[in-house]
Amino acid sequence: LVGLVWVMSGQQVGAQLTEEDWPTIIAQLRYQLSQRPSQPMTRQQLATAYNNYGVSLGEQRQWALAVQQLEEALRLDDRNAQFQTNLSTIYLNQAQEAHERHRATEAIEVLKKALALNPDLDGETTSLYLSQRLKPLGLKLTRLARGLPMGADLEYADEVTLESAIAGRREV
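With that out of the way, let us pick up the overall build of the protein. Along its length, the protein carries seven helices and two strands. The buried share of the protein, taken over its 172 residues, is 35%.

Here's what the structure looks like:
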């Protein structure tokens, strides 16, 4: 769980919360944010609360609710690598459970969601984490090709894009 500590109504709330506490905390933070929408701290606290609730639900194998909470956390803070990793972990655990129950189609569909990552540092980090988790299962992990789009001018391509294009080149 990502640590969550803040002061609410004069009381400090910390990470020793149960699954039942999160909806109340989320409702209070949503109300606070509606009253003062320009408060970045409240927005971050709400995102963290959604994340922590999602992780808690995932520990209970309540996959759909966990995904819903983590997606809301990412909607509020889409650049948080820990939230992205937690969502991918939920998908991975859900896929592993489906695989163990011999529901291959479901496992594949869930893995597709886990691997739908942006080609940025956070996405690369999450891809590496997932590939390490999938290796013992004997699953092959691939990603979409990256690089220069058709008709692009090399003069305007950045270094990372060029590296991806060169690494993904193929014989003609």
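Moving on to the pattern of salt bridges. Under the defined criterion, the tally for this structure stands at three salt bridges. The closest approach of N and O atoms between Arg 61 and Glu 97, which form a salt bridge, is 2.5 Å. With Arg 61 in the loop between α2 (40-59) and α3 (63-76) and Glu 97 in helix α4 (residues 81-100), this residue pair connects regions lying 36 residues apart in the sequence. The buried category is assigned to Glu 97, whose relative accessible area is 11%.

It is worth spelling out the nonpolar core at this point. Of all hydrophobic cores here, the largest spans 29 residues; its most connected members are Ile 26, Leu 46, Ala 49, Tyr 50, Leu 87, Ile 90 and Tyr 91. Take this core: its biggest share by element is seven residues, from α3. Residues contacting Leu 87, with those up to four places away along its chain left out, are Val 67, Leu 70, Glu 71 and Leu 74.

On to unusual backbone geometry. Positive phi is not limited to glycine here, since Arg 61 has a value of about 60 degrees. Since its relative accessible area comes to 51%, Arg 61 is described here as exposed.

Moving on to α3. Note on helix geometry: an α-helix contains 3.6 residues per turn, so any two residues three or four positions apart are oriented the same way. If you check α3, its first and last C-alpha atoms are 20 Å apart, about what 14 residues at 1.5 Å a residue would give, namely 20 Å. Among the residues of α3, Trp 63, Ala 66, Val 67, Gln 69, Leu 70, Glu 72, Ala 73, Leu 74 and Leu 76 are the ones counted as buried. As for α3, its buried residues are in contact with α1 (21-35), α2 and α4.

Attention now goes to the packing of α1 against α2. One can describe the packing of α1 onto α2 by two numbers: an axis separation of 9 Å at closest approach and a directional angle of 160 degrees. Our classification of the angle between α1 and α2 gives roughly antiparallel. The two elements α1 and α2 cross, and the hand of that crossing is left-handed. Every residue of α2 that contacts α1 at Trp 22, Pro 23, Ile 25, Ile 26, Leu 29, Arg 30, Gln 32 and Leu 33 is listed here: Thr 42, Arg 43, Gln 45, Leu 46, Ala 49, Tyr 50, Asn 52, Tyr 53 and Ser 56. Looking at side-chain class alone, the contact of α1 with α2 contains 10 nonpolar, five polar and two charged residues.

Time to look at the side chain of Glu 97. A distance of 3.1 Å separates a polar atom in the side chain of Glu 97 from a polar atom in the side chain of Trp 63. Not counting residues up to four positions away in its chain, the partners in contact with Glu 97 are Arg 61 and Trp 63.

Turning next to the packing of α2 against α4. Axis separation between α2 and α4 bottoms out at 10 Å; the angle between their running directions is 20 degrees. Classified by the interaxial angle, the pair formed by α2 and α4 is roughly parallel. Once α2 is placed against α4, the crossing between them reads as left-handed. Across from Gln 44, Ala 47, Thr 48, Asn 51, Gly 54, Val 55 and Gly 58 in α2, the residues of α4 making contact are Phe 83, Asn 86 and Ile 90.

What follows covers the environment of Glu 106. Mapped onto the fold, Glu 106 is located in helix α5 (residues 104-114). Spatially, the C-alpha atoms of Glu 106 and Gln 96 are 9.9 Å apart, while their sequence positions differ by 10 residues.

Before going further, it helps to examine the confidence of the model for the protein. Looking at the protein as a whole, its pLDDT mean stands at 79, while 80% of the residues score no less than 70. Across residues 1-14, where pLDDT falls below 50, the model places 32 contacts with residues more than four positions away in sequence or in other chains.

So, about the environment of Thr 126. Here Thr 126 lies in helix α6 (residues 121-134). The exposure class of Thr 126 is buried, given its relative accessible area of 1%.

Rules used in this analysis
Residues numbered from 1 in each chain as written. Predicted model: local features only at pLDDT ≥ 70, side-chain atom pairs only at ≥ 80, totals over all residues. Heavy atoms only, no water. Helix = DSSP H or I, 4+ residues; strand = E, 2+ residues; numbered from the N terminus. Buried < 20%, exposed > 50% of the residue type's maximum accessible area, 1.4 Å probe, protein only. Salt bridge = Lys/Arg side-chain N within 4 Å of Asp/Glu carboxyl O. Core = buried A, V, L, I, M, F, W, Y, C linked by side-chain atoms within 4.5 Å. Contact = heavy atoms within 4.5 Å. Expected span 1.5 Å × (residues − 1). Axes fitted to C-alpha atoms, helices over the stretch in contact; angles between N-to-C directions. Parallel < 35°, antiparallel > 145°, perpendicular 65-115°, else oblique. Left-handed = near helix turned anticlockwise from the far one by under 90°. Nonpolar A, V, L, I, M, F, W, Y, C, P; charged D, E, K, R; others polar. Polar contact = N/O pair within 3.5 Å; in protein donor to acceptor, adjacent residues only side chain to side chain. pLDDT = per-residue confidence, 0-100.

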